[in-house]
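# Observations on the three-dimensional arrangement
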Amino acid sequence: MNTPLAKLAKFLRLEADRGYDNRAVLGGLDRMVEPWREEALAAGVTSATVEAVAARLRDYSSLSPHSRQEALEDVWRLLEETDPDVGQTASPSASPPAIAHRPTGHHEALSGTPGAASEEHAEVAPGADLESQDDDGELETAIASTEPPTGKAPALSAPLTTVPGIGPKSASTLAKLGLRTLEDLLWYLPRRYEDYSQLKTIHRLWYGEVVTVIGTVESIEMRPIRGGRMKLIECIVSDGTGSLRVTWFNQPWLVNQLRPGTAVALSGLVDQYLGRLTMSSPEWEPLERQQLHTNRIVPIYGLTAGVTARWLRRVVDSVVGRLAQRVPDPLPEAMRAELDLPALGDALQQVHFPDSWERLRTAQARLAFDEMLLLQLAVMQLKHEWTALTTEPLAVGDDWVAAFNAHLPYALTAAQNQALADVRHDLGTGRPMNRLLQGDVGSGKTVIAAAAMGMTASSGAQAALLAPTSILADQHLASLRTLLSGGGLLPEGSIRLLIGATPAAEKEEIRRGLLSGDIRIVVGTHALLEEPVAFARLRLAVIDEQHRFGVEQRAALRAKGANPHLLVMTATPIPRSLALTVFGDLDLTLLDEMPAGRIPIETRLLRPAERSRAYRFVTAQLEAGRQAFVIYPLVEGSENVEAKAAVDEHRRLQDEVFPSYRVGLLHGRLRPDEKDEAMAQFRRGELHVLVSTSVVEVGVDVPNATVMLIEGANRFGLAQLHQFRGRVGRGPHASYCLLVPETDDERENERLQAMESTNDGFRLAEMDLEQRGPGDFLGTRQAGFAELRLARLTDIHLIEQARREAARLLELDPKLARPEHAALARSLQEFASARKGEIS
Ligand code: ADP
Ligand code: MG
């Protein structure tokens, strides 16, 4: 509470608590009148209010307690009329204060848990450097003297050394926190907050509460403890209602800074020692100083060695104070008013130094909205650009579709039929298709890709399919030939495979075929992009397992044709709200139905002690002629460590557990051809068990594999576990997934039980999103989305609101060219360029 009005209100409240003894303010309430008057006028409080308040308080000392009460009530009414926020504090005439402790849930919601202020103390090692840093008076005066309030503020991009009090040494320390410019500092948001806003007199303190106490230092002394290895500073502070023992460790400079007679504010947890109330290592600051560390909701910033919490707070305060109001507000005034969001300057100010939890929440909501709006605008503009393109329409006749269906070994599901209709429609529009085909593992995406490529080829154009590994590419080649050539729709020779391992002569032949147009369909890996391959008439690019590719690779493939159609496939079950954001530029087709007749995979969560049961189960399956995967989690640390763990485990399983079977190994340190070879051997049945780290290939179809044993299951997200599980259950045999966590931890295992209860990848992804946030399953390409400052991709309401507003804005002003949108256009440009490569 640091507006002049709120500050005054607080002292009035304290004074009332004390029974109007005129000791809430040292030396009497009237002594603060003049300084307060100046401060309030400077802060823009109307002079009528200021003068009325000042007049009413000037003779406070000479009044009787009863008249004092009347005076304070008058002042209170004046304050309330001027700023309704003040009224949120209980008025001085209210009944005696309850032991008002905010419910903790309130703090948690804002990630500001009270009482846990220890981390920043721990990081701050006492030392000469810090001692001088801690003496922050100089910084403040320096800023005050060189920066007249009307002076021109430095540019936001100015280096931190332009802040008086920050020299090259401090600047290089701050750089370790990624802070280089004034703007960086402005956006260095607190990690959490400490609520020190409750001001109390000493005789009303309760053990265990987090409060602020204002008093005078009676005595202070330092003595060595623990055989001289530590120094204990013991200080007695009193406020007329009682006295309090306050201790600190190893901060010898306090003896000089808190001399007897100093008026201080102390904030922290009320503790007890030998039956008396105490405070241990509270935050403190002299009372006459602007209160940043005490007597308010205090921001807690991430620190690094050489930066103290107090110093950083003061630096941030000086920068925020000077610059927050000068940052151009990107939100058009009308939108801001309609959504009832605070101005950017106020939001920045409040998010650093909140006046109340309520204002903090509002400020956070405002900043989160900005981020989400920019994200949606960026995505929508991309989509807009895309739909402005044209391409040659590809007409596909009903007879082709009928012939394709006639030769399928199964009937398409309703979802597949819909997907096929979507694709066929897109190909015919004359605008390039840009479609995401999203379906759980095993939902049958490949056949849709085959149909799309077949349609393209049948109209005389070419199609290319990009797969992340040669195993998968090989598998797709086989599927395409079965589905297209098998039915006589295309000759086998016009469907070809191009991977790194393709012999040079064959590569050359394929290149010629693609250039002449004789080859209609090519399936390949990165080699397709790296080789100098050119097409006669590429009209469709298909990308399988999109999360394995970057945007550049998508663009590189597309660049090989003239605005070709794009079909992107993913088994990553992203909830719709997220899909609309991350892939907002793509149209979405969902395969939300499994082919009929699948035997559901049975999943069992075992306890670590039951591992041998799992091995017996696997052995039984091997005896029945089936195969098994054993997954090991990514071990924290280097890939080498991970590889070694997998190598050791592989040896143990081969020698001790499955001695009569062949056990293969797959891990991240293997060369690509070694990985391919291990997978291929497993596919051919030459290996019975495949031990793998999480690199096991997505999308691979080994119908004879029926067991997926996952060690350290607790280390994986549900969505990823589901992907692993999808490697089995692809053949005619019943399949099993065994989860072995590392511990018996109840809560972890409860999370894993979701795997037993559902086979629905979308449901699991949603649970994952709730539990672990989006970073986990978005894959590398979209990882940057996890770095939004405040907006959360799990906040569906926010996403929807921002989408609505973004759509409305672009409809009104598609290029954001209007003057009232200039600031927004600039922000958008910065936002998009900072995230280039993450937005599709
Ligand atoms: P994914 O969506 O994971 O890429 P695939 O395309 O590999 O799935 O299909 C998984 C398996 O399901 C394949 O063996 C495929 O032949 C089979 N399949 C696809 N569609 C159907 C269907 N409609 N009916 C029965 N089996 C199908
Ligand atoms: Mg697939």
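Since we're looking at a predicted model, the values are computed, not measured.

Taken together, 16 residues lie around ligand 1, and Gln-416, Gly-442, Lys-445, Thr-446 and Arg-598 are the ones closest in. Note that a nitrogen atom of ligand 1 is positioned 3.0 Å from one of the backbone N or O atoms of Ala-411. A breakdown of the residues in the shell around ligand 1 according to their chemical character gives 5 nonpolar, 6 polar and 5 charged.

Moving on: the sheet that holds strand S17 (residues 602-605). Pairing is parallel across the open sheet formed by 6 strands, whose spatial order is S17-S22-S21-S18-S20-S19. Both edges of this open sheet fall to S17 and strand S19 (663-666), since each of them pairs with a single strand only. Strand-to-strand twist in this sheet, taken as the mean axis angle between neighbours without regard to direction, amounts to 15 degrees. As paired strands, S19 and strand S20 (residues 689-692) are joined by 4 bridges and run parallel to one another. By the bridge assignment for S20, Leu-666 is matched with Ser-692. Strands in contact with helix H24 (residues 611-623) are strand S18 (627-631), S20, strand S21 (705-711) and strand S22 (736-740); relative to S21, the strand with the most contacts, it is inclined by about 160 degrees.

A separate point is the pairing of strand S4 (residues 230-238). The sheet contact formed by strand S3 (residues 210-225) and S4 spans 9 bridges and is antiparallel. Counted as the bridge partner of Val-217 is Val-237 from S4. Linking S3 to S4, which pair antiparallel, is a turn of 4 residues; within it Arg-226 sits at a positive phi near 50 degrees. Across 7 bridges, S4 lies against strand S5 (residues 243-249) in antiparallel orientation. By the bridge assignment, Leu-232 is partnered in S5 with Phe-249. Counting the residues between successive antiparallel strands, the hairpin from S4 to S5 contains 4 residues, one of them, Gly-240, with a positive phi of roughly 90 degrees.

Closest axis-to-axis distance for the helix H18 (residues 446-458)/helix H19 (residues 470-485) pair is 10 Å, and the angle between their directions is 60 degrees. As judged from the angle between their axes, H18 and H19 are oblique. The handedness of the crossing between H18 and H19 comes out as right-handed. Across the interface between the two elements, Thr-446, Val-447, Ala-450, Met-453 and Gly-454 of H18 pack against His-476, Ser-479, Leu-480, Leu-483 and Leu-484 of H19. Considering only residue class, the contact of H18 with H19 consists of 6 nonpolar, 4 polar and no charged.

Moving on: the side chain of Gln-627. Positionally, Gln-627 belongs in strand S18. The class of Gln-627 is buried, set by a relative accessible area of 3%. A distance of 2.8 Å separates the side chain of Gln-627 from the backbone oxygen of Leu-687, its partner in a polar contact. Residues within four places of Gln-627 in sequence aside, it is in contact with Leu-622, Phe-682, Gly-685, Leu-687, His-688, Val-702, Asn-704, Ala-705, Thr-706 and Val-707.

Here helix H28 (residues 746-757) spans 17 Å end to end across 12 residues, near enough to the 16 Å set by a 1.5 Å rise per residue. Turning to H28, its buried residues number three or more, namely Asn-749, Arg-751, Leu-752, Ala-754 and Met-755. The distance from a side-chain oxygen at the start of H28 to the backbone nitrogen of Arg-747 is 3.1 Å, and the residue carrying that oxygen is Asp-745.

As a further point, take the pattern of salt bridges. Here the structure, examined in full by the defined rule, presents 40 salt bridges. Taking the shortest distance from any N to any O, the salt bridge between Arg-652 and Glu-649 comes out at 2.5 Å. Of this pair, Arg-652 and Glu-649 are both found in helix H25 (residues 639-657), 3 residues apart, which corresponds to roughly one turn of the helix. In this structure, Arg-818 and Glu-820 form a salt bridge, with 3.7 Å as the shortest nitrogen-oxygen distance. Among the residues examined, Arg-818 registers a relative accessible area of 34% and is labelled partly exposed. Among the ionic contacts, a cluster of salt bridges with common partners joins Asp-329, Glu-333, Arg-336, Arg-366 and Asp-370.

Moving on: the pairing of S21. Burial analysis of S21 places 7 of its 7 residues in the buried class, the great majority of the element. Pairing geometry for S18 and S21, over 5 bridges, is parallel. Bridging from a neighbouring strand, Phe-629 pairs with Met-708 of S21. Taken together, S21, helix H27 (residues 718-725) and S22 constitute a β-α-β crossover, and its handedness is right-handed.

Another aspect to go through is the packing of aromatic side chains. Within the structure shown, the criterion is met by 7 aromatic pairs. Measuring from ring centre to ring centre gives 5.4 Å for Trp-400 and Phe-404, while their planes differ by 10 degrees; the resulting arrangement is stacked. Pair noted here: Trp-400 and Phe-404 are both in helix H16 (residues 398-406), with a separation of 4 residues, about one helical turn. In this pair, the class of Trp-400 matches that of Phe-404, namely buried.

Here the focus is the nonpolar core. Residues Phe-404, Leu-480 and Ile-521 are the most contacted members of the largest nonpolar core, which totals 44 residues. When residues in this core are grouped by element, the largest group, 9 residues, is from H18. Residue contacts for Ile-521: discarding those within four places in its chain leaves Met-453, Gly-454, Ala-457, Ala-463, Leu-480, Leu-484, Leu-490, Ser-494, Ile-495 and Arg-496. Of all hydrophobic cores here, the second largest spans 39 residues; its members include Ala-171, Leu-179, Val-307 and Val-351.

To continue, consider the sheet that holds strand S12 (residues 495-498). If you walk across this open sheet you meet the 7 strands as S12-S13-S11-S14-S15-S10-S16, and the pairing is parallel. Two strands lie at the open edges of the sheet, namely S12 and strand S16 (587-591), each paired on one side alone. On average, each strand axis in the sheet is inclined to that of its neighbour by 20 degrees, with strand direction left out of account. Relative to the sheet, helix H22 (residues 551-558) contacts strand S11 (462-466), strand S14 (538-543) and strand S15 (565-570), its axis offset from that of S14 by approximately 155 degrees.

Each value, and the rule that gives it
Residues numbered from 1 in each chain as written. Chains lettered and ligands numbered in written order. Predicted model: local features only at pLDDT ≥ 70, side-chain atom pairs only at ≥ 80, totals over all residues. Heavy atoms only, no water. Near = heavy atom within 4 Å. Polar contact = N/O pair within 3.5 Å; in protein donor to acceptor, adjacent residues only side chain to side chain. Nonpolar A, V, L, I, M, F, W, Y, C, P; charged D, E, K, R; others polar. Pairing = 2+ DSSP bridges. Helix = DSSP H or I, 4+ residues; strand = E, 2+ residues; numbered from the N terminus. Axes fitted to C-alpha atoms, helices over the stretch in contact; angles between N-to-C directions. Contact = heavy atoms within 4.5 Å. Parallel < 35°, antiparallel > 145°, perpendicular 65-115°, else oblique. Left-handed = near helix turned anticlockwise from the far one by under 90°. Buried < 20%, exposed > 50% of the residue type's maximum accessible area, 1.4 Å probe, protein only. Expected span 1.5 Å × (residues − 1). Salt bridge = Lys/Arg side-chain N within 4 Å of Asp/Glu carboxyl O. Right-handed = clockwise from strand over helix to strand, strands pointing away. Phe/Tyr/Trp six-rings, centres within 6.5 Å; stacked < 30°, edge-to-face > 60°. Core = buried A, V, L, I, M, F, W, Y, C linked by side-chain atoms within 4.5 Å.

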